[in-house]
Amino acid sequence: MRAEYTPVFLKKMQKILRRQDLSDKVKTEAFWAVLNNKIFILATEEERIPFSNLFARVSYVSQKYKISPRLRYRLHRFRKEFQESGANEKIPEIGKIYLSRLWG
């Protein structure tokens, strides 16, 4: 992933967190979309590795870009709980727990 993307995505994610007019569910879904569909895909676009699932992709990106173990753990927990929640009412709870803590 090109370095110039980093500030763009960081600003986009911070903007999501600051939006008062969005529900926790919408914030969580938007945050997930940026992480999954933008950051992790772009971070691996030049690789010739077939990632079988998002766990593998997150793990690879974490190693490649030397993401701290603490943030790596939080990303995996967020990924896992978001995927397990599906479209049910647990999403706002996940958002409250992880959105503000991913950067902590």
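Residues numbered from 1 in each chain as written. Predicted model: local features only at pLDDT ≥ 70, side-chain atom pairs only at ≥ 80, totals over all residues. Heavy atoms only, no water.

> It is not clear to me how the nonpolar core should be interpreted in this structure. Could you clarify?
Proteins that are soluble and globular tend to have nonpolar side chains buried together. Met13, Val34, Leu35, Ile39, Phe40 and Leu75 are the most contacted members of the largest nonpolar core, which has 18 residues in total. If you list the elements that add at least two residues to this core, you get α1 (5-18), α2 (24-43), α3 (54-64) and α4 (69-85). The residues touching phenylalanine 40, leaving out its near neighbours within four places in the chain, are Leu35, Leu54, Arg57, Val58, Val61 and Leu75. (Core = buried A, V, L, I, M, F, W, Y, C linked by side-chain atoms within 4.5 Å. Buried < 20%, exposed > 50% of the residue type's maximum accessible area, 1.4 Å probe, protein only. Helix = DSSP H or I, 4+ residues; strand = E, 2+ residues; numbered from the N terminus. Contact = heavy atoms within 4.5 Å.)

> It is not clear to me how the side chain of asparagine 36 should be interpreted in this structure. Could you clarify?
Within the secondary structure, asparagine 36 sits in helix α2. For asparagine 36, a relative accessible area of 18% translates into the label buried.

> Can you help me understand the environment of valine 26 in this one?
Tracing the chain through its elements places valine 26 in helix α2. Separated by 10 residues in sequence, valine 26 and isoleucine 16 have C-alpha atoms that sit 9.1 Å apart.

> So what exactly am I meant to see when it comes to the packing of aromatic side chains here?
Note on aromatic pairs: each is described by the distance of the centres and the angle between the planes. In this structure the tally under the stated criterion is three aromatic pairs. Seen in terms of ring centroids, tryptophan 32 and phenylalanine 78 are 6.1 Å apart; in terms of plane orientation they differ by 55 degrees. Their pairing is tilted. Pair noted here: tryptophan 32 is in helix α2 and phenylalanine 78 is in helix α4, with a separation of 46 residues, a long-range link. For the pair shown, tryptophan 32 and phenylalanine 78 are each scored as buried. Among the aromatic residues, those joined into a cluster by ring pairs are Phe31, Trp32 and Phe78. (Phe/Tyr/Trp six-rings, centres within 6.5 Å; stacked < 30°, edge-to-face > 60°.)

> I keep staring at α2 and nothing clicks. Help me out?
Residues lying three or four places apart along an α-helix face the same way, a consequence of the helix completing one turn every 3.6 residues. Taking 1.5 Å as the rise per residue, α2 with 20 residues should run 28 Å; its terminal C-alpha atoms sit 27 Å apart, in good agreement. Where α2 bends most, the angle comes to about 25 degrees, and this point is leucine 35. Looking only at α2, the buried set comprises Lys27, Thr28, Phe31, Trp32, Val34, Leu35, Asn36, Ile39, Phe40, Leu42 and Ala43. One side-chain oxygen of the residue at the start of α2 lies 3.2 Å from the amide nitrogen of valine 26, identifying that residue as serine 23. (Expected span 1.5 Å × (residues − 1). Bend = angle between axes of the 7 residues up to and from the residue. Polar contact = N/O pair within 3.5 Å; in protein donor to acceptor, adjacent residues only side chain to side chain.)

From the geometry alone we can't say anything about function, so treat these as descriptive.
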